[in-house]
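The primary structure of each chain is shown beneath.
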Amino acid sequence: MVKIYLTNPIQERTVVSMKEPKTLQQAIQYFSDEQTCIDAVAAMRWPNGVLCVFCEADKPYYLQTQKRWKCRKCRKQFSVKVNSIFEDSPIALTKWLPALWLLVNCKNGVSSYEISRDLGVTQKSAWFMLQRLRLALNNRDFSAKMGGNEGGVEVDETFVGGKGKNMHRSRKLELVRMRSEVANWKAQSKGSGRYPNKTAVMGIFDRESRQIRAKVVPNVRRETLQAEILNSVEHGSRIYTDQAVAYDSLREQYIHETVNHVEEYVRGQVHTNCLENFWSLMKRNLAGTYVCVEPFHLDRYLDEQMFRFNNRATKDNPLTDTDRFLLALSQVANKRLTYAELTGKTATTQA
Ligand SMILES: [Zn+2]
């Protein structure tokens, strides 16, 4: 196996490349063998060799017939699924891995109905699988600040929820509708910063690294949005927003330029088009593929969208389907999501 280095400036990490597969069809064939799946997950979980999940001792015995390791030190046994998003799942890795391939490589997302039909699991199982897989895509290390470069950052917010409408309109019409809806609402709203039955999402896009960070926010009041910007964007950066009053007074820390969406959409570099395209893609996926999303689950859908967007192939970072799959597979460990947590019976413990 050969090590390759992703050159993504924010999320630089190491992945192990494998010779095959390159396409969905090859992936389904390649991962039809359970041992192959175990080897692939193990290689991504433990790039420097398998470590005991209980005491981290190295070089455990592999019990070939049971497909489990036994620790030389603490003598406990464990499978490759333990302490990962696959833990306690009766579904075979031969279904999990093709599902992950689909999720990270379908630009428009994949629904539980498609997974159910394609992989031969129930729709309920497929829904649960997708929720767990999205957890693997969660790579929210938001500690490094964005901006601080020539390119500047775009900041914008939007609202998700309510009825899925205008699904059959062209993308351009949908963008215009979205912009005027949000612009109208912003013009009227002076109070709570909330939109009835909708969830507010805020996004920051760094034009130089081409990376997006998006998260659910409780409202779009000035103090909420400005606190997010102060935490996330280097002082002195150039910031592009629309003319929402929530972005007033950024001028103390930033070079702030605004675009008036009622009269114009673009004035040279002054626009928030990259974020608006991201919102548009997200909304079409939510309205089409996913039918409906409760606010409770929205952060996980955002993780999925961000993963695909931030790891898309660009000229400087020519990632392939295989790269995206392996990157996701390298993030499956130390994350768990139980059915009770998912259905809201207890709080999610994953950080
Ligand atoms: Zn051990």
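Since we're looking at a predicted model, the values are computed, not measured.

How each quantity is defined
- Residues numbered from 1 in each chain as written.
- Predicted model: local features only at pLDDT ≥ 70, side-chain atom pairs only at ≥ 80, totals over all residues.
- Heavy atoms only, no water.
- Donors = N, O, S within 2.8 Å, 3.2 Å for Na, K, Ca; no water.
- Tetrahedral: all angles 85-135°; square planar, octahedral: opposite > 155°, others 65-115°.
- Helix = DSSP H or I, 4+ residues; strand = E, 2+ residues; numbered from the N terminus.
- Buried < 20%, exposed > 50% of the residue type's maximum accessible area, 1.4 Å probe, protein only.
- Pairing = 2+ DSSP bridges.
- Expected span 1.5 Å × (residues − 1).
- pLDDT = per-residue confidence, 0-100.
- Contact = heavy atoms within 4.5 Å.
- Core = buried A, V, L, I, M, F, W, Y, C linked by side-chain atoms within 4.5 Å.
- Axes fitted to C-alpha atoms, helices over the stretch in contact; angles between N-to-C directions.
- Parallel < 35°, antiparallel > 145°, perpendicular 65-115°, else oblique.
- Left-handed = near helix turned anticlockwise from the far one by under 90°.
- Nonpolar A, V, L, I, M, F, W, Y, C, P; charged D, E, K, R; others polar.
- Salt bridge = Lys/Arg side-chain N within 4 Å of Asp/Glu carboxyl O.

(A) How the structure looks around the coordination of the zinc ion. Bound to the zinc ion on the protein side are C52 (SG), C55 (SG), C71 (SG) and C74 (SG), at distances that span 2.3 Å. Metal-centred angles of 101 to 120° between the 4 donor atoms at the zinc ion mark the site as tetrahedral. Sequence spacing of the donor residues for the zinc ion, all on one chain, is C-x2-C-x15-C-x2-C. Of this pair, C55 sits in the loop between α2 (34-45) and β3 (61-63) while C74 is found in the loop between β4 (68-70) and β5 (77-78), placing the two residues 19 residues apart along the sequence. On the accessibility criterion, C55 (28% relative accessible area) is partly exposed.

(B) Local environment of the sheet that holds β4. Spatially, the 3 strands line up as an open sheet ordered β3-β4-β5, and their pairing is antiparallel. The sheet is open, and its two borders are formed by β3 and β5, each paired with just one other strand. Relative to β5, β4 is paired through 2 bridges, and the arrangement is antiparallel. Of the residues in β5, the one forming a bridge with W69 is F78.

(C) Inspection of helix α3 (residues 93-105) at higher detail. Between the first and last C-alpha of α3 there are 18 Å, a value that for 13 residues agrees with the 18 Å anticipated at 1.5 Å per step. Of all 13 residues making up α3, 11 are buried, and the element is well covered by its neighbours.

(D) Quick peek at the confidence of the model for the protein. Residue-level pLDDT values for the protein average 81, and 78% of them are 70 or greater. When the criterion is pLDDT under 50, residues 164-169 qualifies, and its contacts beyond four places in sequence or with other chains add up to 7 contacts. Across residues 347-351 the pLDDT falls below 50, and counting only partners more than four positions away or on other chains, this stretch makes 10 contacts in the model.

(E) Highlighting the nonpolar core. Core analysis: the largest hydrophobic core is formed by 50 residues, its most contacted members being F86, I115, F325 and L329. Every element with two or more residues in this core is listed here: α2, α3, α4 (112-119), α5 (123-137) and α10 (321-329). For this core, the leading source of residues is α3, giving 9 residues. Those residues within four positions of L329 in sequence are excluded, and the remaining contacts are A40, V41, M44, F86, L97 and L100. V155, I239, A246 and Y247 belong to the second-largest nonpolar core, a separate cluster that totals 18 residues.

(F) Region of interest: the packing of α3 against α4. At a minimum axis separation of 11 Å, α3 and α4 run at an interaxial angle of 135°. The orientation of α3 relative to α4 falls into the category oblique. Two packed elements cross with a definite hand, and for α3 against α4 that hand is right-handed. The residues of α4 that touch α3, namely those facing K95, P98, A99 and L102, are I115, D118 and L119. Tallied by class, the residues present in the contact of α3 with α4 amount to 5 nonpolar, no polar and 2 charged.

(G) Quick look at the pairing of strand β8 (residues 211-217). Of all 7 residues in β8, 5 are buried; the element is thus mostly enclosed. In this structure, strand β7 (residues 198-206) lies alongside β8, joined through 7 bridges in antiparallel fashion. Residue pairing in the sheet places V201 in a bridge with V216 of β8. Here β7 folds back onto β8, and the loop between the two strands holds 4 residues, one of which, R210, carries a positive phi near 60°.

(H) Region of the structure containing the pattern of salt bridges. Applying the stated rule across the entire model yields 8 salt bridges. E228 is the partner of K215 in a salt bridge, and the nearest nitrogen-oxygen pair spans 3.1 Å. Highlighted residues: K215 in strand β8 and E228 in helix α7 (residues 222-232), separated in sequence by 13 residues. On the basis of relative accessible area, K215 is assigned to the partly exposed category, the value being 27%. Its relative accessible area of 18% is what places E228 among the buried residues. Between R324 and D321 there is a salt bridge, with its nearest N and O atoms 2.8 Å apart. Of the two residues, R324 and D321 both sit in helix α10, 3 residues apart, roughly one turn of that helix. Note on R324: relative accessible area 10%, which makes it buried.

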